[in-house]
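For reference, the chains in residue letters:
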Amino acid sequence: MSEKKSNTVRNAILQIGIVLVIVVGYFLIDFSSLYQSLKGEAKFITQASTCDLHETPCSIKIQDGTTFQLEINPKSIPLMESLTFSIKSNNSKLEDLYLNIYATNMFMGDFNLPIKNLGNGNYEAIGTLPTCPVGNMQWNADIRVEKIDKTIGARFQFKTGR
């Protein structure tokens, strides 16, 4: 009888231990990071090096056939002033898009601007870039498209003065 009682106590302790491990794991494991690591690095297509966003809109066709055309206004791309990022796409049903802007030659922060769907394949984001005393900043503006098994997107590049 006491052996049966000790087996019952042992089973209860084992069950409580398993539940405790599951609960602690749930709070300590970052499942979003785990999922992103399984998807791998994002693969971006970069605009043609001859395209200058100071002069004309630039277009990129990404891996799934979606096209993005980016235009920045004002064309001078001033710092510390409101900028309008106008995006045209052949896909009018894109959702949850962000324009991730960051400097490549110095850390100036990441700016994740929500992209608003204006309809008919027209999208828009509005933001301001910070000033830098060094000047001649090089920037990337990434549009990420999340797929179930991978992340793809368009990478636009531009420069700003002081």
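Coordinates for the structure precede this section.
All figures in this text were calculated on a predicted structure; none of them were measured in a lab.

Conventions and cut-offs
Sequence positions are assigned chain by chain, starting from 1 and proceeding in written order. In view of the model being predicted, local features appear only for residues whose pLDDT reaches at least 70, and side-chain atom pairs are presented and counted only at 80 or more, with totals across whole chains, interfaces and linings using the full set of residues. Excluding hydrogens and water, the side-chain figures rest on all heavy atoms present in the structure. The term salt bridge refers to a side-chain nitrogen of Lys or Arg lying within 4 Å of a carboxyl oxygen of Asp or Glu. Secondary structure elements are taken from DSSP: a helix is a run of H or I of four residues or more, a strand is a run of E of two residues or more, and numbering for both begins at the N terminus. Buried means the residue's accessible area, taken with a 1.4 Å probe over protein chains only, is under 20% of the maximum for its type, while exposed means over 50%, and partly exposed covers the values in between. In protein, a polar contact means a hydrogen-donor-capable atom and an acceptor-capable atom, both N or O and within 3.5 Å, with residues adjacent in sequence counting only if both atoms are side-chain atoms; elsewhere, any N or O pair within 3.5 Å suffices. When two rings of Phe, Tyr or Trp (its six-membered ring) have centres within 6.5 Å they constitute a pair, described as stacked for plane angles under 30 degrees, edge-to-face for angles over 60, and tilted for the intermediate range. Residues enter patches when they are more than 30% accessible in relative terms and free of salt bridges; like-charged ones are connected within 9 Å and nonpolar ones (Val, Leu, Ile, Met, Phe, Trp, Tyr) within 5 Å. Each accessible area value is a Shrake-Rupley result obtained with a 1.4 Å probe; residue values ignore everything except the protein chains displayed when judging cover. When DSSP locates at least two bridges between a pair of strands, those strands are taken to pair. Axis definition: a line fitted to C-alpha atoms, over the contacting stretch in the case of helices. Angles run 0 to 180 degrees between N-to-C directions.

(A) Quick look at the pattern of salt bridges. What the rule picks out here adds up to four salt bridges. Where D64 meets K147, a salt bridge forms, and the shortest distance between an N and an O atom there is 2.9 Å. Separated by 83 residues along the polypeptide, D64 in the loop between β2 (58-61) and β3 (67-73) and K147 in the loop between β9 (137-146) and β10 (151-160) bring together distant segments of the chain. When the shortest N-O distance is used, the salt bridge between K75 and E71 registers 3.0 Å. Residue classification places K75 among the partly exposed positions, given a relative accessible area of 23%.

(B) How the structure looks around the side chain of Q47. Topologically, Q47 is positioned in the loop between β1 (43-46) and β2. A polar side-chain atom of Q47 sits 2.8 Å from the main-chain amide nitrogen of Q157.

(C) Fine view of the packing of aromatic side chains. Tallied over the entire structure, the rule returns one aromatic pair. Taking 6.5 Å as the distance between ring centres and 15 degrees as the angle between the ring planes, the aromatic pair formed by W139 and F158 counts as stacked. Linking W139 in strand β9 with F158 in strand β10, this pair joins segments that are 19 residues apart in sequence. Here W139 and F158 have matching classes, each one buried.

(D) Main features of a nonpolar patch on the surface. Nonpolar side chains collect at one region of the surface, where V19, L20, V23, V24, Y26, F27 and L28 lie side by side and expose about 780 Å² of accessible area between them. In this fold, L28 is placed in helix α1 (residues 2-28).

(E) Structural detail: the sheet that holds strand β6 (residues 110-114). Pairing is mixed across the open sheet formed by five strands, whose spatial order is β1-β10-β9-β5-β6. Strands with a single pairing partner mark the edges of an open sheet, and in this sheet they are β1 and β6. If you compare each strand with its neighbour and ignore which way they point, the axes differ by 25 degrees on average.

(F) Structural context of unusual backbone geometry. Between N73 and the following residue, P74, the backbone shows a cis peptide bond with an omega angle of 0 degrees. Relative to the helices and strands, P74 is located in the loop between β3 and β4 (82-89). Phi is positive for I77, which is not a glycine, with a value near 50 degrees. Along the chain, the position of I77 falls in the loop between β3 and β4. Despite not being glycine, M80 has its phi angle at roughly 60 degrees, a positive value. Mapped onto the fold, M80 is located in the loop between β3 and β4.

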